[in-house]
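Take a look at the letters that make up each chain.
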Amino acid sequence: MAGKVFFSVSMSLDGFIAPESPEELMGRQWMELQRWVFPQRFFRENVLLGKGGEEGRDNDIVRETFERTGASVMGKRMFDAGEHAWPEEAPFHTPVFVVTHEKRDPWERPGGTTFHFVNDGIESALDRAREAAGDRDVRIAGGGATILQYVNAGLVDEFTIALSPVLFGSGIRLFEGVDAGRVALEPVRGETSPRVTHLTYAVRER
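Residue positions are counted from 1 within each chain, in the order its sequence is given. Restriction of local features to residues with pLDDT of at least 70 applies here, the model being predicted, together with a cutoff of 80 or more for giving and counting side-chain atom pairs; totals for whole chains, interfaces and linings are based on all residues. The basis for the side-chain values is all heavy atoms of the structure; hydrogens and waters are excluded.

K.L.:
Before we move on, could you go through the overall build of the protein chain and cite the residues and values that matter?
P.N.:
For the protein chain, the helix and strand inventory stands at six helices and eleven strands. Structurally, the protein chain occupies a C-alpha span of about 45 × 40 × 35 Å along its principal axes. For every residue, the accessible area obtained with a 1.4 Å probe (protein chains only) is divided by the maximum for its type, and the residue is called buried under 20%, exposed over 50%, and partly exposed between those limits. For the protein chain, the residues scored as buried account for 47% of the 206 residues in total. Should any heavy atoms of two residues lie within 4.5 Å, those residues are considered in contact. Contacts in the protein chain between residues at least 24 apart in sequence constitute 62% of all its contacts with a sequence separation of at least 6. With residues, only the protein chains shown are counted as cover, and all accessible areas are computed by Shrake-Rupley using a 1.4 Å probe. In the form shown here, the protein chain has an accessible surface area of approximately 10400 Å², with 50% of it arising from carbon and sulfur atoms. His residues and chain termini do not enter the charge count, which takes Lys and Arg as positive and Asp and Glu as negative. The atoms used to mark charge sites are NZ of Lys, CZ of Arg, CG of Asp and CD of Glu. When the 24 positive and 32 negative side-chain charges of the protein chain are each reduced to one mean point, those points stand 2 Å apart. Helix and strand labels come from DSSP, where a helix needs a run of H or I of at least four residues and a strand needs a run of E of at least two; each type is numbered from the N terminus.

K.L.:
How would you summarise the sheet that holds strand β7 (residues 137–142) if you had to cite specific residues and measurements?
P.N.:
Strand pairing is assigned whenever DSSP identifies at least 2 bridges connecting the two strands. One open sheet holds the nine strands; their spatial order is β5-β6-β4-β3-β7-β1-β8-β11-β10, and the pairing between them is mixed. What marks the edges here is a single partner per strand, and that holds for β5 (107–108) and β10 (183–192). Alignment of strand β1 (residues 5–12) against β7, held across two bridges, turns out to be parallel. In the strand pairing of β7, V5 is matched with V138. To define axes, lines are fitted to C-alpha atoms, for helices over the stretch in contact only, and angles between the resulting N-to-C directions are given on a 0 to 180 degree scale. Here helix α3 (residues 57–68) sits on the sheet and contacts β1, β3 (69–75), β7, β8 (158–164), β10 and β11 (197–205); the angle it forms with β3, its principal contact strand, is near 90 degrees.

K.L.:
Let's hear about the environment of S193: which residues, and what values?
P.N.:
Its place among the elements puts S193 in the loop between β10 and β11. The exposure class assigned to S193 is buried, which follows from its relative accessible area of 13%. Between the C-alpha atoms of S193 and R57, which are 136 residues apart in sequence, the distance is 7.3 Å.

K.L.:
How would you summarise the environment of V183 if you had to cite specific residues and measurements?
P.N.:
Here V183 lies in strand β10. Look at V183 and you get buried, because its relative accessible area is 11%. Considering only alpha carbons, one finds V183 and D105, 78 residues apart in sequence, at a separation of 36 Å. Dropping the residues within four chain positions of it, V183 is found in contact with V151, V203, R204 and R206.

K.L.:
Describe the pairing of β3, with residues and values.
P.N.:
Judged by how many residues are buried, β3 sits mostly within the fold: seven of seven residues are covered. Sheet topology note: the β3/β7 ladder contains five bridges and is parallel. Of the residues in β7, the one forming a bridge with S72 is R139. As paired strands, β3 and strand β4 (residues 95–99) are joined by four bridges and run parallel to one another. Bridge pairing links M74 to V98 in β4. With the strands pointing away from the viewer, any crossover whose connection runs clockwise from the first strand over the helix to the second is right-handed. Between the parallel elements β3 and β4, the chain passes through helix α4 (residues 76–83) in a crossover that is right-handed.

K.L.:
Can you tell me about unusual backbone geometry, naming the residues and giving the values?
P.N.:
In this structure, the amide linkage connecting G142 to the following residue, G143, adopts the cis form with an omega of -5 degrees. With respect to the element layout, G143 can be found in the loop between β7 and α6 (144–152).

K.L.:
Lay out the pattern of salt bridges in plain terms, naming residues and giving numbers.
P.N.:
Salt bridge criterion: a side-chain nitrogen from Lys or Arg within 4 Å of a carboxyl oxygen from Asp or Glu. Within this structure, the stated rule accounts for 17 salt bridges. The closest approach of N and O atoms between R57 and E191, which form a salt bridge, is 2.6 Å. Linking R57 in helix α3 with E191 in strand β10, this pair joins segments that are 134 residues apart in sequence. Exposure remark for R57: the relative accessible area of 32% places this residue in the partly exposed category. The closest approach of N and O atoms between E158 and R68, which form a salt bridge, is 3.3 Å. A residue pair is termed long-range when its members are at least 10 positions apart, and E158 in strand β8 and R68 in helix α3 qualify at 90 residues. Classification of E158 by relative accessible area gives buried; the value is 9%. Accessibility expressed as a relative area gives 23% for R68, which makes it partly exposed. Look at the salt bridges and you will find they share partners, linking K4, R68, D137 and E158 into a network.

Okay, structure coming up:
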């Protein structure tokens, strides 16, 4: 049976998931937003930052998110930002389908990540990701515009927000332009750690 389609992001208290400028995507503000994840043991090992790190519920959530994901979908903006920032062994270790207008051959990286470039729409990218994922879940990795396209198309089953105690003031809002008339949310779980609050919702058609 096919798995779920989900996304999992960190969000500031005022609703932003990234700075406006692509040049700032790995900058100070973004690093503050993601501060909760960098000390986690599983994250550190997965992106080759070295051994050691924190263990606890935050670490479990990072690991569980990785383990449930059989394939990922992302937009071109996120790929462009990560192409030069990810280590050579990119941290996905699964097929990744990039929604783009560009025609490009698959890009295979060490460690099991292959980027496939899909130029015939979000549904085609999701179909290919579902096939690759098998009975595991498909993660819509980002960025915000791509996540919103999938939400508005009714293609997301569930999402988790790591709500960070950070204020952005401006940037990319997660739900800017959401079709609120057709999207309803059902709380699934809420967990608080010393660093963030993890909120999980099922997505239903209103």
